[in-house]
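Residue-level listing of the chains:
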Amino acid sequence: MSNHPDIAYRRAALFVDFENIHIGLTTSSAEAGHRFATQPGLWVDWLENSLGPLMIDAEEQPRKLLRRICYLDPARSGKYRVYFTRAGFRVVDCPSLTSMGKNSADIHMVLDILDTLTHPVYYDEFIVLSADADFTPVLQRLREHDRRSAILTANPAAAAMHAACDFAIPDVIFLDEALGLGEPEAEPEAATIKQPDHDSPDDALHTKIQSIVRDLVAESKSPIAMAKAAHEVRKVAGSAVDTTAWAGSGSFGKFVAGIVDEHLQVAIGRSPGWLFDPTRHTPPEVEASAVDVPEVARRINHVVRAPLLPTSAYTCLFDVLAGDARSMAGSGQVAVERAARDICAERGETVSRQAVHFVLVNYSYNGISWTTPEWDANVLASQFADSMLKLAADAQMALTDDEQAEVRQWIQGGQGGAQI
């Protein structure tokens, strides 16, 4: 919320490390990279109007990205400049300074972030699109000044940044919602929702929103992010949700918290919160504590964000990647992630799309081609375990030989890898 009571919106600043994010998104999906680079207005609109508060139950004021700065290498990405200038960005040229292609985007971004922190205009929120873990200190500085911050990363080495910000935008949510690559869904039948004969319009709207929320959760194969749910409600119910402050509830978080339904629960331990059906879904915040894994696995999860799946789920995932999913590689990573998730579910294992995404991004980041025909599930499991141990070492996480063996046992299984 703005520190100025007369301001009815959040003042936000957006800083985009273009090459850093573009490369990561293109790895996930060529179309995602293309849309990010050529349609910035698309995802800027999502950040302003659909992302929602960076903290649970904060007042749902609109967000305005008053400052928009994009940092790019003119030699590599100059052709995309026009798209960003037309979307209201100030573009800062950051040419390569070394033969390895390193540019000065990070230092330019840090200087501009600190400049914005002391700007005469008070900025409530700072949104940083970069996977460079060097930004961790500046995020900590923002927190010391009581400013909200959010990051979008496309790089597994940036796990340390997550704890330093208020909200890490899930990359699969950014792909699906901000870039419009989500799975096609049937249009909600808003016209068929029965409205009770109440005197108060808010009562009718309250019932309508509840019906929409219940339908969203019922139709979803996995927990649904509250930000996405709120966006879908707005699409169906229209501007009335804002003009009535969510039918008098004040915020979407408070609205769903008041719904009494055995098939609808709210998990708010981690932004942006999740809605789920406890009879069908694994609660996002319960999953980490319920999985039977060694204690060192929980530490690995906390430090490098390795999916906290049971060994049987990892075994299934690597088997799927070495088999059915490999034949779909030509369809793009987004399609592979969804297919792998669904095939694992058919085999009785709960593996979220975010978990599949994490594994595939790690392969890409480490130069591992998981589609290599000669590499079976055992090899893929071993390579992923190697990458997790390397990330842990890079984060200065000291592990004994026995603990490293436990990590391998957890990821690779008792036979040194998944069985085909």
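Note that the structure is a prediction, hence the values are computed from the model and not measured. Throughout, residues of each chain are indexed from 1 in the direction in which the sequence is written. Reporting of local features is limited, given that this is a predicted model, to residues whose pLDDT is at least 70; pairs of side-chain atoms are given and counted only at 80 or more, and all residues count toward the totals for whole chains, interfaces and linings. As a rule here, side-chain values come from all non-hydrogen atoms in the structure, and water together with hydrogens is ignored.

Remarks on the nonpolar core
- In plain words, nonpolar cores are sets of buried Ala, Val, Leu, Ile, Met, Phe, Trp, Tyr and Cys residues tied together by side-chain atoms within 4.5 Å. A simple rule labels every residue: compare its accessible area, found with a 1.4 Å probe on the protein chains alone, to the largest value its type can have, and call it buried under 20%, exposed over 50%, or partly exposed in between. Ile300, Phe318, Leu321, Tyr363, Phe384, Trp410 and Ile411 are the most contacted members of the largest nonpolar core, which totals 44 residues.
- Breaking this core down by element, the ones donating at least two residues are helix H15 (295-304), helix H16 (311-322), helix H17 (333-346), helix H18 (353-365), helix H19 (377-394) and helix H20 (401-412).
- Secondary structure is summarised from DSSP: a helix means a run of H or I of at least four residues, a strand means a run of E of at least two, and numbering begins at the N terminus for each. It is H19 that contributes the most residues to this core, nine residues altogether.
- The next biggest cluster of nonpolar side chains, apart from the first, holds 41 residues, and it includes Tyr80, Leu179, Ala225 and Trp274.

Remarks on the packing of aromatic side chains
- Within 6.5 Å between ring centres, the rings of Phe, Tyr and Trp (the latter by its six-membered ring) count as paired, and their orientation is classed by plane angle as stacked under 30 degrees, edge-to-face over 60, tilted in between. Throughout the structure, instances matching the rule amount to 18 aromatic pairs.
- Pairing Tyr314 with Phe318 gives two aromatic rings, centres 5.8 Å apart and planes at 10°, and the pair type is stacked. With Tyr314 and Phe318 both in helix H16 and four residues apart, this pair spans about one turn of that helix.
- Residue classification places Tyr314 among the buried positions, given a relative accessible area of 0%.
- Following the ring pairs from residue to residue traces out a cluster consisting of Phe18, Phe36, Trp43, Trp46, Tyr80, Phe84, Phe89 and Phe174.
- By definition, being over a ring means that NZ of Lys or CZ of Arg is both within 6 Å of the ring centre and within 35 degrees of the ring normal. Of note, Lys64 hangs over the ring of Tyr9, and the distance from its end group to the ring centre comes to 4.4 Å.
- One Lys or Arg, Arg147, reaches over the ring of Tyr122 and ends 3.9 Å from the middle of that ring.

Some thoughts on unusual backbone geometry
- Here Ala247, not a glycine, exhibits a phi torsion of approximately 55°, which is positive.
- Relative to the elements of secondary structure, Ala247 occurs in the loop between helix H12 (240-243) and helix H13 (252-257).
- Exposure remark for Ala247: the relative accessible area of 12% places this residue in the buried category.

Points about the packing of H16 against H19
- Orientation is described by axes fitted as lines to C-alpha atoms, over the contacting stretch for helices, and by angles from 0 to 180 degrees between their N-to-C directions. In contact at an axis separation of 8 Å, H16 and H19 are set at 120° when each is read in the N-to-C sense. Looking at the two axes, H16 sits oblique to H19. Once H16 is placed against H19, the crossing between them reads as right-handed. On H19, the residues touching Tyr314, Phe318, Asp319, Leu321 and Ala322 of H16 are Ala377, Leu380, Ala381 and Phe384.
- Put simply, Ala, Val, Leu, Ile, Met, Phe, Trp, Tyr, Cys and Pro go in the nonpolar bin, Asp, Glu, Lys and Arg in the charged bin, and everything else, Gly too, in the polar bin. Among the residues making up the contact of H16 with H19, the classes are represented as eight nonpolar, no polar and one charged. Just so you know how the angles are binned, under 35 degrees is roughly parallel, over 145 roughly antiparallel, 65 to 115 roughly perpendicular, and the rest oblique. By convention, the crossing between two helices is left-handed when the near helix turns anticlockwise from the far helix through less than a right angle, and right-handed when the turn is clockwise. For this analysis, residues touch if any pair of their heavy atoms sits within 4.5 Å.

As for the sheet that holds strand S6 (residues 167-168)
- Here we have six strands laid out as an open sheet, ordered S3-S2-S1-S4-S5-S6, and parallel in their pairing. Looking along the sheet, the strands with just one partner apiece sit at the ends: strand S3 (90-93) and S6.
- Pairs of strands are assigned from DSSP output, requiring at least two bridges between the strands. The pairing of strand S5 (residues 148-152) with S6 spans two bridges and is parallel. Within the sheet, the bridge partner assigned to Ile151 lies in S6 and is Ala168.
- Packed onto the sheet, helix H3 (residues 40-49) meets strand S1 (10-17), strand S2 (63-72) and strand S4 (125-129) and runs at close to 140° relative to S2.

A look at the confidence of the model for the protein
- Looking at any residue, its pLDDT shows the predictor's confidence there, from 0 to 100. Residue-level pLDDT values for the protein average 82, and 84% of them are 70 or greater.
- Between residues 185-199, whose pLDDT stays under 50, and residues either more than four places distant or in other chains, the model counts 11 contacts.
- When the criterion is pLDDT under 50, residues 285-290 qualifies, and its contacts beyond four places in sequence or with other chains add up to eight contacts.

A short note on the pattern of salt bridges
- Any carboxyl oxygen of Asp or Glu that lies within 4 Å of a side-chain nitrogen of Lys or Arg is treated as forming a salt bridge with it. Taken as a whole and judged by the stated rule, the model has 21 salt bridges.
- For the salt bridge of Asp115 with Arg67, the shortest nitrogen-to-oxygen distance reads 3.3 Å. With a gap of 48 residues between them, Asp115 in helix H6 (residues 105-117) and Arg67 in strand S2 connect regions that are remote in the sequence.
- Residue classification places Arg67 among the buried residues on the basis of a relative accessible area of 15%.
- The salt bridge partner of Arg280 is Asp277, with a shortest N-O separation of 3.3 Å.
- Residue Asp277 is classed as buried on the basis of its relative accessible area of 5%.

Digging into helix H9 (residues 171-178)
- Burial runs high along H9: eight of the eight residues are buried.
- Of the positions making up H9, those classed as buried are Asp171, Val172, Ile173, Phe174, Leu175, Asp176, Glu177 and Ala178.
- Phi turns positive one or two residues past the end of H9, at Gly180, with a value near 70°.

Digging into the sheet that holds strand S8 (residues 265-267)
- With respect to topology, three strands assemble into an open sheet ordered S7-S9-S8, the strand pairing being antiparallel. Every interior strand has two partners, whereas the edge strands, strand S7 (224-225) and S8, have only one.

Some details on H17
- How far a helix is expected to stretch is found by multiplying one less than its residue total by 1.5 Å. The end-to-end C-alpha distance of H17, which contains 14 residues, comes to 20 Å, matching closely the 20 Å that a straight helix rising 1.5 Å per residue would cover.
- Within H17, 10 of the 14 residues are buried, which leaves the element mostly enclosed by the surrounding structure.
- Against helix H1 (18-28), H9, H16 and H18 lie the buried residues of H17.
- Positioned one or two residues after H17, Gly348 has a phi angle of 90°, which is positive.

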